[in-house]
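In case you want the letters, here they are:
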Amino acid sequence: MNLVEKHIRNTEKLIKAIDKAKIANWLLKEGYFPEQYILPPTFRVDGFKLASKPKVKDLEKIGRQKVISISYPKSLLTHREFGIQYPYYYHDIIYWMIQDWDDILKHLFNKDLSIYSYSFPIPVNARDKSKLSPLRSGRMIYEWIAMAEKDLVAEANKYNLIVRSDITNFYNSLYTHSIGWALHGQEAAFKDKAYKLTGNKIDHLVQYANYGRTNGIPVGSALSDLIAEIVLASIDRNVSKRLKHLDFLATRFKDDYRILCHNKKDAKEILKVLADELILFNLLINESKTHILELPSGLYRHHDRAYHPHSLKYRKNINFKTFELTLLTALDIHREFSGTNVLEKFFSELFNDAHELKIVFAKEKNSQKKQILKTFSLLMLLKRESEKVLCHVLAILESIYTAHNKTHKLKEHLKLLIESEIEKATHKKSIFELAWLVFFARYMRLGVADTWINKTIDIELRKNLFLKSICESKQQIFKGAKVDLFRNPKECEDMTLAKRLAVFERKREE
């Protein structure tokens with residue numbers, strides 16, 4: 001058994017050791033909101049547990065609900081919509097899934113699969129087999145990257161080429177009826193008009209959580225990722241069966257495929273079969289991101305190779321000049337390889353294992369303050385280059401402020417900085433930035449007045465329920481569902497931003 005197959009069999013063994021009730025309650029509490037870098041920690045689920053019966057009594061009389069969304073910047077010009085579903089429908093999807101959990105696991109880890117997924121969204125824990133990680137990071141998102149550069153590399157000498165491909169606009173294109181197709185087959189799913197089959201129950205609930213739409217599922221929740229795995233496992237199995245005669249090694253992270261093979265003829269056949277099976281599920285292969293490369297090209301990420309000589313990961317302390325120059329180097333690499341995670345990688349290396357900032361400023365008081373203010377400015381310039389690093393920037397600002405405010409009276413500097421950024425974010429109409437900035441002002445108790453916030457941020461922007469919740473320090477999302485989904489920013493002091501984000505980032509390196 002090769003390393004790639006060992007990975008999936010180990011995941012299967014670990015998830016089967018977890019009690020179903022623990023899985024259900026993890027999906028409800030930890031899996032409801034997107035990963036912790038999307039929304040401020042004010043958005044947290046409390047007291048939401050699996051009930052003994054579904055919330056919706058009659059699926060044929062279900063009402064339509066809207067997904068509440070926030071736009072997250074992927075790059076300078078592209079955004080991704082993250083959304084959360086009506087809690088009762090979210091609950092019932094989990095309820096029905098757990099009723100059929102053993103069969104779903106058989107589907108996800110089917111022995112006929114020769115395409116191995118690295119994106120099982122429930123974070124099993126190899127060190128404690130009876131528990132799940134309390135955070136979404138666990139054994140999940142960045143594991144694919146680590147394995148692509150370890151397991152695949154270890155097996156690559158047996159092959160000559162690597163095929164890289166993904167699916168066009170996967171989450172927004174996923175046809176909800178394909179959930180039933182994947183679990184039960186198209187004919188059985190078509191014949192079930194009374195929602196007796198688990199897949200059709202899930203399909204119907206997903207539809208009506210998204211205002212009755214059959215195209216697309218919301219991005220962000222662990223449940224959506226699990227549904228995506230159900231559909232993709234069916235496609236992977238069909239592809240595997242059709243390619244039994246070929247020798248290849250295939251891995252997948254969500255909608256992203258990496259396949260080792262021997263020659264171009266095999267590569268083209270693999271891509272043809274994959275494209276054919278995707279079309280049967282109303283999905284399309286992304287031709288612009290499909291490449292056949294000679295090994296070892298394609299095994300390693302170019303931006304990682306460029307950044308590695310400058311990495312600060314193993315430095316115990318980082319003097320200001322080194323920090324400054326490495327920041328500029330990371331920015332150059334980011335510009336050369338747009339859309340990569342090099343800036344996030346740089347930020348993660350600025351903290352040690354105790355989540356303490358490793359940057360050491362000058363000892364002389366005046367020089368130290370100048371370096372601190374210079375750091376504030378550089379961080380905001382970096383954020384301007386990539387909005388999605390805002391949460392990382394705020395984590396560093398919190399660490400510096402906590403360590404040096406008494407000495408340098410930084411409160412007014414930080415307040416003016418955040419107010420300036422709120423004005424800029426308002427001009428850009430960036431709900432993502434505004435949510436984090438207003439949260440940070442309240443969380444750090446900077447004294448940014450409610451009247452100033454209401455006057456500065458356009459009223460239309462404040463209608464977004466995520467932002468409205470933070471501005472009013474009161475839950476505005478799905479109030480009628482009577483599920484606690486929000487806490488006051490000042491109540492988030494149980495864990496620093498650095499710890500929340502460092503845990504997430506460091507996991508991708510393990």
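First, a word on scope: everything that follows refers to the structure included in this document. Remember, predicted model here, so these are calculated numbers, not experimental data.

### Some points on the pattern of salt bridges
Scanning the entire structure with this criterion turns up 30 salt bridges. For the salt bridge of Glu277 with Arg242, the shortest nitrogen-to-oxygen distance reads 3.0 Å. Note that Glu277 is positioned in helix H12 (residues 264–279) and Arg242 in helix H11 (residues 222–242), a separation of 35 residues in sequence. Residue Glu277 is classed as buried on the basis of its relative accessible area, which comes to 7%. A relative accessible area of 39% places Arg242 in the partly exposed class. Between Arg442 and Asp450 there is a salt bridge, and its shortest N-O distance comes to 2.7 Å. Salt bridges sharing common partners tie together Lys383, Glu387, Glu421, Lys424, Lys428 and Glu433.

### Brief notes about helix H21 (residues 465–472)
For H21, the complete set of buried residues consists of Phe466, Leu467, Ser469, Ile470 and Cys471. Turning to H21, the residues buried within the fold contact strand S1 (68–73), strand S2 (79–84), helix H19 (431–443) and helix H20 (450–456). Here H21 starts with a cap whose side-chain oxygen sits 3.0 Å from the backbone nitrogen of Phe466, and that cap is Asn464. Backbone geometry just downstream of H21 places Ser473 in the positive-phi region, at approximately 50 degrees.

### Some details on the sheet that holds strand S7 (residues 291–294)
Spatial strand order, S3-S5-S6-S4-S7: five strands in an open sheet with mixed pairing. In the strand order of this sheet, the two ends are held by strand S3 (115–117) and S7, each with one partner. Neighbour-to-neighbour, the strand axes of this sheet turn through a mean angle of 20 degrees, independent of strand direction. Looking at chain direction, strand S5 (residues 249–253) and strand S6 (residues 256–261) are connected through five bridges and run antiparallel. Bridge pairing in S6 links Ala250 to Ile259. The sheet contacts of helix H1 (residues 3–16) involve S3 and S5, and relative to S3 the element is tilted by about 50 degrees.

### What about the packing of aromatic side chains?
The full count for this structure, using the stated rule, is 23 aromatic pairs. Here the aromatic rings of Phe43 and Phe466 are separated by 5.2 Å at their centres, their planes lie at 85 degrees, and the arrangement is edge-to-face. Linking Phe43 in the loop between helix H2 (20–29) and S1 with Phe466 in helix H21, this pair joins segments that are 423 residues apart in sequence. There is no split in this pair, since Phe43 and Phe466 are both buried. The lysine or arginine in question, Lys55, covers the ring of Tyr88, its NZ or CZ lying 5.2 Å from the ring centre. Over the ring of Tyr211 we find Arg64; its NZ or CZ atom is 4.3 Å from the centre of that ring.

### Re the packing of helix H16 (residues 365–385) against helix H18 (residues 411–428)
The geometry of H16 relative to H18 is characterised by a closest axis approach of 12 Å and an angle of 15 degrees between their N-to-C directions. On the basis of the axis angle, H16 is roughly parallel to H18. Crossing hand, H16 versus H18: right-handed. Two secondary-structure elements touch here, H16 through Lys369, Leu373, Phe376, Met380, Lys383 and Arg384 and H18 through His413, Leu414, Leu417, Ile418, Glu421 and Lys424.

### Observations concerning the packing of H11 against H12
Where H11 contacts H12, the two axes come as close as 9 Å, and the packing angle between them is 140 degrees. Taken together, the axes of H11 and H12 are oblique relative to one another. Between H11 and H12 the crossing geometry is right-handed. Only Val273, Leu274, Asp276, Glu277 and Leu278 of H12 make contact with H11, whose side of the interface consists of Ile235, Asn238, Val239 and Arg242. Its residues placed into classes, the contact of H11 with H12 shows five nonpolar, one polar and three charged.

### Considering the side chain of Gln207
Mapping Gln207 onto the fold places it in helix H10 (residues 198–209). Of note is the side chain of Gln207, whose polar atom sits 2.8 Å from the side chain of Asp203. Here Gln207 is in contact with Thr176, His177, Gly212, Arg213 and Thr214, once residues within four sequence places are set aside.

Here is what the cut-offs are and how they apply
- Residues numbered from 1 in each chain as written.
- Predicted model: local features only at pLDDT ≥ 70, side-chain atom pairs only at ≥ 80, totals over all residues.
- Heavy atoms only, no water.
- Salt bridge = Lys/Arg side-chain N within 4 Å of Asp/Glu carboxyl O.
- Helix = DSSP H or I, 4+ residues; strand = E, 2+ residues; numbered from the N terminus.
- Buried < 20%, exposed > 50% of the residue type's maximum accessible area, 1.4 Å probe, protein only.
- Contact = heavy atoms within 4.5 Å.
- Polar contact = N/O pair within 3.5 Å; in protein donor to acceptor, adjacent residues only side chain to side chain.
- Pairing = 2+ DSSP bridges.
- Axes fitted to C-alpha atoms, helices over the stretch in contact; angles between N-to-C directions.
- Phe/Tyr/Trp six-rings, centres within 6.5 Å; stacked < 30°, edge-to-face > 60°.
- Lys NZ or Arg CZ within 6 Å of the ring centre and 35° of its normal.
- Parallel < 35°, antiparallel > 145°, perpendicular 65-115°, else oblique.
- Left-handed = near helix turned anticlockwise from the far one by under 90°.
- Nonpolar A, V, L, I, M, F, W, Y, C, P; charged D, E, K, R; others polar.

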